[in-house]
Amino acid sequence: MTGEATPDLDHLFSMTYEHLRRLAANVKKGDAGQTLNPTALVNEVYARLAGTLEKSPESVLHFKRMAARAMRQILVDAARHRSAQKRGGDQPILSFSDRESGGWDRSFAGADDLLALDQALVRLNSLDPQQGKVVEFHFFGGFTIAETADMLGTSRSTVDRQWRAARAWLTFQLGQGP
Amino acid sequence: MNEKGTLDAAAWARIQSLFHEALSLPEDERAAFLERLTEEAPLVLANLRGMLAVDAGEASVMDRGLAAAAGSVLEGTAPRIAQFGPYRTESILGRGGMGVVYRAVRRDPDARVAIKVLRDPFLSPARQERFQREQQILTRLNHPAIARLYEANTLEDGTPYFVMELVEGTTLVDHCRATGADLYERLDLFRQVCRGVLEAHRHAVIHRDLKPSNIMVTREEASGTARIKLLDFGIAKELRDPTTDVTQTEAELRLMTPAYASPEQIRGEQIGVATDVYSLGVILYELLTGRMPFDLSRLSPGQAEACLLTAEPEKPSIRALRGEEGGLKPVLVPGNQDWQDLDAICLTAMHRDLKRRYASVEVLLQDLDRFFQHEPLMARPDSTSYRLGKFLKRHTRDVVAVALVAIVLAGLTAFYTWRLRLARDAALAEAHKSARIHRFMLDLFEDGEGAGPERSLTVAELMDRSVAKADAFDADPEIQSSLYQTLGEIYRSLGKLEQAEQLIARTLAMRKARLGVDHPDTASSLTSLGLLRQAQDKPGEAEDLTRQALEVLRRHFSKDHPRVAEGMSALGFVLADARKFEEAIGLLEGAVAVLARKGERPVYALALERLANARALNGEYALSEAINERLLALNESLFTTKHPNYADTLINQAWNHRMQGHFDKAERLYRQALEINLHYHGDQHLVTASNRALLGGVLEHLKKYDEATLHLGKALAIRKRLLGPHHSRVAVTLNGLANVALNRGDYATAEAMYKETLVVYRGAERPRPDWIGTGLSNLGSLYYRQGKYGLAERHAREALASYAKVLPPDHLEIAIVRTKLGVFLMHQACYVEARRELIHAYETLAGKPDPNAFWLAFAGSSLDDVLAVLEVAESQ
């Protein structure tokens, strides 16, 4: 997060983290999206922090953009951390022979994917900043295409096309390796 | 081919345009379309082909969505840390919102523990603070129903963790389901939960996340009894400052579990003890019926919240008719008449309206007790709780007042209301059991003792409010006098002696008028006033009052009754401070003997502490040391080794070491205590200042002058700021700094400081001859160092005269000053006189059951010198 540092940012991060973790826990239990979807979570975070924010349509949009950025930042930070651990980072890691060790290895793969995606997204952003935001809002923020269009002040069909191309290109880039 | 470096915005635009064009074609025409693009740059083509190839697939991280991405890096990926200090991890017990909990083992001595480590600490400082707060809260809580904290530390990379009691068992609901627990077993477990929560409230901690998965049931190995342990104080909150609006920022860092959250929590309003009462109500509902009060499973979070805020729960008895859910059977068959009471208790506990809900866990517990004893409930319509609720209505916006008023006043009110239904005499005897309320109040405020301005301001506000509330009780003088006395004692422990005086004196007057002088309650007020006089430095009055109280108590109870022992303990304490050691120690020994068998542990601990202190004051350091060892063991079980009470005993014990010349042992204990006190009280607290001053004194003996000056200097600054420049403690600290200056050879500083010390001592409201004696004796040492032997001798003699006013002739301090005097005389060639002083000193020192090694050696060697000189003189 750059530029818009406010005292609430730490709380935004902290709450966003909690939400992501809850989402993640639901994935693990196999009932993702039952009662929690990312948009609902962002709305909830907003409701909780709303008292400290200005209440205007502009501030709601600003908040959503910040939330998407926070989600990306948290996931990428976490992925970086996981990846560092895999490479024999700074902590003595014990490999338990319990039933969860499979998940451990898979998570490293997920972490590397996320890091690669983040790097590819940086390049996409330099090619077309608005398209970079589409990916950030839709994928990392979990906003729908319609919400993303509102947040960018453009049409749904435009965002739809931008997303499809971006998704294909980023996926292709991930397949290319670093 | 490297596409990455060369792709630019124009090429990217071209790629996208071709991409969308290709997608608009039927799939079987796309290959031909690509064939025709012979004019395009290879880079554009390569990207286009790649994108089209993956467009149809569903393979990448992009398609699995945010939740899956979060799942892959945030869940199931806890760092598996092999070693925390001496602990080796064995498995993962759980993953909570804040951290991961490991099961770990330590060899030698064998110990199994749970270790909680903050997950992803790099993500946000707010989470680190919250984790730290949980640890601090656990440090304060010590109760069989709350998992104990053993130690806290950080990994090399700064990740914080703490080591806790390992709780192995099943969650509350699972336990009841598996064992088929009946009504009484379930309610017994529930009451244990309530008592654990109450303990937290007594330390002004609100749990805020009570739910069955945070409540474990373990089995005691020996008896097989089921025991409750509360876990996860991760979002617990401390009630401290009534002025801070906590609702927005820190309060909602983490979401509560909606099903157990109170309406005020959901609305983001201020919360207090009643919030936990609500969650307890929901848990009770689940235990009674086997079902949740509301079915939220098909609702969105918004709908769930609306439901919790508006829907009325069905009566548990009705809900139980719907049959079991998840295998936990309803606790009673339909139609059982106990349902009526259980409905009332449960729905009162989880009442949406704060005014109608039980005002505290204590009141809820009392109603459960009444249920067991088949007495009318407060929760039943038109009951006291409703009236009480009205009484408390004005205070519901004020969290701290709610905590205070709800727990204490409500507890007392409920107690006395209930009591009226019983025979008056029996009730009066019972009333003394309400001493626990009393004690709770004192415990609650002990933290504030000598607090810095910020917190004492808060406490002062609270106290003023509480007094105002007590004033409103004038219809029932009995409650009112209990409250005044309690509040007065709190003021005393806060050092606000004038306010204490007003309230305690008022209580005494009320009780004398209503009950007469010869009544145990009046005696309790007399003791209270006596201890206040003690704090006011009026030992004569303190002795009269506590003695009078003891006489009354002895008339009403047998001589081995704990209340008599308490009276002995108070008088013994007062007498010891007045240097009447023989009687003091006799009384305290007697009190300890009774309380060891019959007393409440804290009361027993207090008597042991007083006895140890009396022995130490009397110079019997080895005996005091032995008592303190007992007290340390007791305090470790009563509190923890991180608790300030433990630190207090360490400090007393260090003094015994110090006075026996074991400075290195003393240093170690003072440092151990300082660590606890810094952690608990912070750096600007009088307790910490006192700890530093003592450590400084020992460091001076160990010739670590720089460090000694540092600690004493900090202590002096805090004491001057908080106590004013003329306080005796300021003088004591000055004296310590002067000693260091003296030993460093900085005589000018030392002399100025010693003299300033004496001015403070002599200017005290009631000068203490023994302190003045020490000041004079030290000044004597200074002049001796400077070779001013005559001046040194004069000061030693003055010191001796001053000591003689209050100390017995064979007291250690007198022996020390006589040793000094002997040495000063020797240097003036007054050998015969010197010999007399030194022999007397040496014999006194050697005759002690636990001789002071340093002074004994010093007196001995000086005496040898004098004797050698005299021998030469006589042989000539």
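Residues numbered from 1 in each chain as written. Chains lettered and ligands numbered in written order. Predicted model: local features only at pLDDT ≥ 70, side-chain atom pairs only at ≥ 80, totals over all residues.

Looking at the overall build of chain A
Then, number 1: In terms of regular secondary structure, chain A is built from 7 helices and 0 strands.
Then, number 2: Mapped in sequence order, the helices and strands of chain A form the string α-α-α-α-α-α-α.
Then, number 3: Of all 178 residues assigned to chain A, the portion counted as buried reaches 43%.
Then, number 4: Contacts in chain A between residues at least 24 apart in sequence constitute 66% of all its contacts with a sequence separation of at least 6. (Helix = DSSP H or I, 4+ residues; strand = E, 2+ residues; numbered from the N terminus. Buried ≥ 20, exposed ≤ 12 C-beta atoms within 10 Å, placed from the backbone. Contact = placed C-beta atoms within 7 Å.)

Section: the sheet that holds strand E9 (residues 215-219) of chain B
Residues and elements named next belong to chain B.
Then, number 1: Pairing within the open sheet is antiparallel, and its 3 strands lie in the order E7-E9-E10. Each edge of the open sheet carries a strand with a single partner, namely strand E7 (170-171) and strand E10 (226-230).
Then, number 2: On the sheet, helix H7 (residues 183-202) packs against E9 and E10 and is oriented at approximately 35° with respect to E10. (Pairing = 2+ DSSP bridges. Axes fitted to C-alpha atoms, helices over the stretch in contact; angles between N-to-C directions.)

Some remarks on the pairing of E9 of chain B
All names here are of chain B.
Then, number 1: Direction of pairing for E7 relative to E9: antiparallel, over a ladder of 2 bridges. When the bridges of E9 are listed, Thr171 appears paired with Met216.
Then, number 2: Sheet analysis places E9 next to E10, joined by 5 bridges and oriented antiparallel. Following the sheet pairing, Ile215 is matched in E10 by Leu230.
Then, number 3: Counted along the chain from E9 to the antiparallel partner E10, the turn is 6 residues long, and its residue Gly224 has a positive phi close to 75°.

What to know about helix H6 (residues 145-152) of chain A
Then, number 1: Along H6 of chain A, the residues that are buried comprise Glu147, Thr148, Ala149 and Met151 of chain A.
Then, number 2: Gly153 of chain A occupies a position one or two residues after H6 of chain A and carries a positive phi of about 65°.

As for the UniProt feature "binding site: ATP" (unreviewed entry) in chain B
All names here are of chain B.
Then, number 1: When the UniProt feature table is mapped onto this chain numbering, "binding site: ATP" (unreviewed entry) sits at Lys116.
Then, number 2: With respect to the element layout, Lys116 can be found in strand E4 (residues 111-118).
Then, number 3: Assessed through the 28 C-beta atoms surrounding it within 10 Å, Lys116 is described here as buried.
Then, number 4: Not counting residues up to four positions away in its chain, the partners in contact with Lys116 are Gly99, Val101, Tyr161, Phe162 and Met164. (UniProt positions renumbered as here; feature names shortened; annotations may be inferred.)

Remarks on the packing of helix H1 (residues 9-24) of chain B against helix H3 (residues 42-55) of chain B
All names here are of chain B.
Then, number 1: Orientation of H1 relative to H3, taken along the N-to-C sense of each, is 40°, at an axis distance of 9 Å. With respect to H3, the axis of H1 lies oblique. Both H1 and H3 take part in a crossing whose hand is right-handed. Residues Ala11, Arg14, Ile15, Leu18, Phe19 and Ala22 of H1 lie in contact with H3, whose contacting residues are Leu43, Val44, Asn47, Leu48, Met51 and Leu52.
Then, number 2: Class assignment of the residues belonging to the contact of H1 with H3 gives a composition of 10 nonpolar, 1 polar and 1 charged. (Parallel < 35°, antiparallel > 145°, perpendicular 65-115°, else oblique. Left-handed = near helix turned anticlockwise from the far one by under 90°. Nonpolar A, V, L, I, M, F, W, Y, C, P; charged D, E, K, R; others polar.)

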